[in-house]
There are 4 protein chains.
Amino acid sequence: MLLRIEFESDIPIYMQIKNQIIEGIALGMLKEGDELPSIRQLASDFGINLHTVKKAYDILKDEGFLNVHRRKGYVVTKNATADDNFIESLKKEIHPILANAYCRGMTQDEILRICKEILEQFKNKV
Amino acid sequence: MLLRIEFESDIPIYMQIKNQIIEGIALGMLKEGDELPSIRQLASDFGINLHTVKKAYDILKDEGFLNVHRRKGYVVTKNATADDNFIESLKKEIHPILANAYCRGMTQDEILRICKEILEQFKNKV
Amino acid sequence: MLLRIEFESDIPIYMQIKNQIIEGIALGMLKEGDELPSIRQLASDFGINLHTVKKAYDILKDEGFLNVHRRKGYVVTKNATADDNFIESLKKEIHPILANAYCRGMTQDEILRICKEILEQFKNKV
Amino acid sequence: MLLRIEFESDIPIYMQIKNQIIEGIALGMLKEGDELPSIRQLASDFGINLHTVKKAYDILKDEGFLNVHRRKGYVVTKNATADDNFIESLKKEIHPILANAYCRGMTQDEILRICKEILEQFKNKV
DNA sequence: GTGGTCTAGACCACG
DNA sequence: GTGGTCTAGACCACT
């Protein structure tokens, strides 16, 4: 799987890594059990610091997307669940985004179509 | 309209204000032409810094949700549009969020239902 | 509240800080709403690095013992709960410790008495 | 007796081996005089390093749970005692664990019941 | 080789 | 002033 880091983005690097790995899982490019590049490897590949990579990996571990295998390093797992807390935070997170789109004149259908398009990419991939 | 600020959220206060005003417009609680509380007023109501409120208002002005009226202060307007740039950024913003939900085992329908629920609140309100 | 760091201990410094703050809460020395010393303050007080302190604070935040207030910094909260996951990890954690004590000839009563002594210190303090 | 190694645990493998052997003694599955599998044997059974197994065995020997017999290899013994040093370290070890449980709202009785449940498994087994 | 911990020091965002 | 992010580089534990 290929990561792409935008250094000029206002999204922190560790967050870009985190997001892209989750997207990689959603798109089926990363399967349960897959080993990720080592912290140092990824850091040197992108010319970033190993702590930055570690932060991304650790968050993913906390959230249940990764495990640390004592020999293999970080490995894709699937412990993350959509519990009530998550659903709540999900709503809270997309609420302002959808409100913004709606205020700009997009219709409910247009917005839902975009969501659906994105979700279709994930279908049967996880 | 009533604002609610969470000082212990990881979302900056100016962003909370910005989001809630947009949500207020989406929900029909703020109509075109409505005057917002003055920067001083809002800042003192919540015990926050003037700069914080001004930053929120200025962003909303830049995005076309507010206008500055010489006497009335900040006034709700509706110049914000969903141009290609916005659509692009919208997709980029929700992509990782939807991926996360999908990876946690939510189905396409479940996710879309949540989006729809939110959007229904806005219906016929703008 | 006073922290004591043992630099020669094989327990990582961030873990010592984490443990002592939890103990401080258990002993009633830290109450909900109390503000902790700032990361930089604590780091300089003990001559340790601010990242070390931050790591301790961040773990406590993740576990629900602290919140970050945008003006006050890290603040004691009480969101940590003893859910099934915690109970499970608790059992897994003390199992080998109790087994060790038992193998060394301590009786059930002796071991339980020590546990009780410790717990009595916490009574009516949280 | 059967060992179970979790490669994705944050507990080092040598520590898992050490703990499980002590637990085996506490549970009566390992009696004084029993011979443990050879280092080579155990290492190859689990696909782990010889050093890892040896480290676990050596610690157990240092603590008085094992003896090295010239022909039989590592043999269970019962020289480990609960001296003051041990009691002290025991208290220090469980103190933060019990504090954590208490802070999460568990009562003294609930916590003691869990300890007792564990200890009951060991009863009349050593 | 892997990750885990810690340091020293920088710049930025926020309020 | 607060915390958040990132860097560069060190040493250690584990396997």
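Residues numbered from 1 in each chain as written. Chains lettered and ligands numbered in written order. Predicted model: local features only at pLDDT ≥ 70, side-chain atom pairs only at ≥ 80, totals over all residues. Heavy atoms only, no water.

The name an unreviewed UniProt entry gives chain A is Transcriptional regulator, GntR family, with Thermoanaerobacterium thermosaccharolyticum as the organism.

This brings us to the UniProt feature "domain: HTH gntR-type" (unreviewed entry) in chain A. Under the feature "domain: HTH gntR-type" (unreviewed entry), the UniProt entry names residues 11–79 of chain A. Overall, residues 11–79 of chain A shows 52% helix and 12% strand. The separation of its end C-alpha atoms is 26 Å. (UniProt positions renumbered as here; feature names shortened; annotations may be inferred. Helix = DSSP H or I, 4+ residues; strand = E, 2+ residues; numbered from the N terminus.)

As a matter of local geometry, DNA strand F sits amid 25 residues, with Ile-13, Tyr-14, His-51 and Lys-55 of chain A together with His-51 of chain C nearest to it. Sugar plus phosphate: this is where 65% of the atoms of DNA strand F within 4 Å of the protein reside. With respect to DNA strand F, the side chain of Tyr-14 of chain A contributes an N or O atom lying 2.5 Å from a phosphate oxygen. Mapped by element, the contributors of at least two residues to the surface near DNA strand F are helix 1 (13–26) and helix 3 (50–63) of chain A, helix 2 (39–46), helix 3 (50–63) and strand 2 (73–76) of chain C together with helix 1 (13–26) and helix 3 (50–63) of chain D. Ranked by the residues each element gives to the surface near DNA strand F, the list is headed by helix 3 of chain A, at three residues. Here the surface near DNA strand F is built from residues that sort into 10 nonpolar, eight polar and seven charged. (Near = heavy atom within 4 Å. Polar contact = N/O pair within 3.5 Å; in protein donor to acceptor, adjacent residues only side chain to side chain. Nonpolar A, V, L, I, M, F, W, Y, C, P; charged D, E, K, R; others polar.)

Looking now at the pairing of strand 2 (residues 73–76) of chain A. In the sheet, strand 1 (residues 66–69) of chain A pairs with strand 2 of chain A via four bridges, with the strands oriented antiparallel. In the sheet register, Asn-67 of chain A faces strand 2 of chain A, and the bridge partner there is Val-75 of chain A. (Pairing = 2+ DSSP bridges.)

What follows covers the interface of chain B and chain A. Opposite the 44 residues of chain B that make contact, chain A presents 44 residues. Carbon and sulfur atoms make up 73% of the surface buried where chain B meets chain A, a total of about 4,500 Å² over both sides. For the interface between chain B and chain A, the tally reads four salt bridges. With its nearest N and O atoms 3.4 Å apart, the salt bridge here joins Lys-92 of chain A to Glu-6 of chain B. Our enumeration of links across chain B and chain A arrives at 14 residue pairs in polar contact (both at pLDDT 80 or more). The set of elements that each furnish at least two residues to the side of chain B that touches chain A consists of helix 1 (13–26), helix 4 (84–103) and helix 5 (108–122) of chain B. (Contact = heavy atoms within 4.5 Å. Buried area = accessible area lost by both parts, 1.4 Å probe. Salt bridge = Lys/Arg side-chain N within 4 Å of Asp/Glu carboxyl O.)

Turning next to the environment of Gly-64 of chain B. All names here are of chain B. With respect to the helices and strands, Gly-64 occurs in the loop between helix 3 (50–63) and strand 1 (66–69). Residue class for Gly-64 comes out buried when judged on its relative accessible area of 10%. Sequence separation between Gly-64 and Gly-47 is 17 residues; the distance between their C-alpha atoms is 27 Å. (Buried < 20%, exposed > 50% of the residue type's maximum accessible area, 1.4 Å probe, protein only.)

Residues and elements named next belong to chain B. If you check helix 4, its first and last C-alpha atoms are 28 Å apart, about what 20 residues at 1.5 Å a residue would give, namely 28 Å. In the structure, helix 4 departs most strongly from a straight axis at Ile-94, where the bend amounts to approximately 30° and where the proline Pro-96 lies between one and four residues downstream. The first or second residue beyond helix 4 is Gly-105, which carries a positive phi of 100°. (Expected span 1.5 Å × (residues − 1). Bend = angle between axes of the 7 residues up to and from the residue.)

Attention now goes to the pattern of salt bridges. Side chains carrying opposite charge are able to pair once their charged atoms draw close together. On inspection of all chains with the given rule, the structure shows 20 salt bridges over all chains. Through salt bridges that share partners, Arg-4 and Glu-6 of chain A together with Lys-92 of chain B make up one connected network.

A separate point is the protein's contact with DNA strand E. Taken together, 25 residues lie around DNA strand E, and His-51 of chain A together with Ile-13, Tyr-14, His-51 and Lys-55 of chain C are the ones closest in. When atoms of DNA strand E within 4 Å of the protein are sorted by moiety, sugar and phosphate together comprise 65%. Taking Lys-55 of chain B, its side chain carries an N or O atom lying 2.7 Å from a phosphate oxygen of DNA strand E. Contact between DNA strand E and Arg-70 of chain C: a phosphate oxygen at 2.8 Å from a side-chain N or O atom of the residue. Those elements giving two or more residues to the surface near DNA strand E turn out to be helix 2 (39–46), helix 3 and strand 2 of chain A, helix 1 and helix 3 of chain B together with helix 1 (13–26) and helix 3 of chain C. The element that contributes the greatest number of residues to the surface near DNA strand E is helix 3 of chain C, accounting for three residues. Looking at the surface near DNA strand E residue by residue, the class counts come to 10 nonpolar, eight polar and seven charged.

Right, let's talk about the environment of Lys-61 of chain B for a bit. Residues and elements named next belong to chain B. By the secondary structure assignment, Lys-61 is in helix 3. Sequence separation of Lys-61 and Pro-37 is 24 residues, and the distance between their C-alpha atoms is 15 Å. The residues touching Lys-61, leaving out its near neighbours within four places in the chain, are Leu-66 and Val-68.

Screw-axis analysis of chain B against chain A gives a translation of 0.0 Å along the axis, an RMSD of 0.2 Å, and a rotation angle of 180°. Viewed as a symmetry operation, the transformation between the two copies matches a two-fold axis. Interface overlap between copies is the fraction of interface residues in one copy that are interface residues in the other; for chain B against chain A it reaches 100%, indicating a shared surface. (Least-squares fit on C-alpha atoms with pLDDT ≥ 70 in both.)

Let us look at helix 5 (residues 108–122) of chain C. Since the α-helix advances by 3.6 residues per turn, residues separated by three or four positions end up pointing in the same direction. Taking 1.5 Å of rise per residue, 15 residues should cover 21 Å, and helix 5 of chain C covers 22 Å from first to last C-alpha, within 8% of that figure. Residues of helix 5 of chain C that are buried: Gln-108, Ile-111, Leu-112, Ile-114, Cys-115, Ile-118, Leu-119 and Phe-122 of chain C. Around the axis of helix 5 of chain C, the buried residues are gathered within 155° of arc, so they sit on the same side. Where helix 5 of chain C is buried, its residues meet helix 1 and helix 4 (84–103) of chain C together with helix 4 (84–103) and helix 5 (108–122) of chain D. (Arc of directions from axis to C-beta.)

As a further point, take the side chain of Ser-9 of chain B. One can find Ser-9 of chain B in the segment before helix 1. The class of Ser-9 of chain B is buried, set by a relative accessible area of 14%. For Ser-9 of chain B, the contacting residues outside a window of four places in its chain are Gln-16 of chain B together with Arg-70 of chain C.

This part covers the packing of aromatic side chains. Aromatic ring pairs are defined here through the distance separating the ring centres and the angle between the ring planes. Tallied over the full model, the rule gives eight aromatic pairs over all chains. The interplanar angle of 45° and the centroid separation of 5.7 Å between the aromatic rings of Tyr-102 of chain A and Phe-122 of chain B together place this pair among those described as tilted. Pair noted here: Tyr-102 of chain A is in helix 4 (residues 84–103) and Phe-122 of chain B is in helix 5, and the two residues belong to different chains. Both residues of the pair, Tyr-102 of chain A and Phe-122 of chain B, count as buried. (Phe/Tyr/Trp six-rings, centres within 6.5 Å; stacked < 30°, edge-to-face > 60°.)

Let's shift gears to the packing of helix 2 of chain A against helix 3 of chain A. All names here are of chain A. Look at helix 2 against helix 3: their axes get within 8 Å of each other, and the N-to-C directions meet at 125°. With respect to each other, helix 2 and helix 3 are oriented oblique. By crossing handedness, the relation of helix 2 to helix 3 is classed as right-handed. Each of Ile-39, Arg-40, Leu-42 and Ala-43 in helix 2 lies in contact with helix 3, whose residues at this interface are Leu-50, Val-53, Lys-54 and Tyr-57. Looking at the contact of helix 2 with helix 3, its residues break down into six nonpolar, no polar and two charged. (Axes fitted to C-alpha atoms, helices over the stretch in contact; angles between N-to-C directions. Parallel < 35°, antiparallel > 145°, perpendicular 65-115°, else oblique. Left-handed = near helix turned anticlockwise from the far one by under 90°.)

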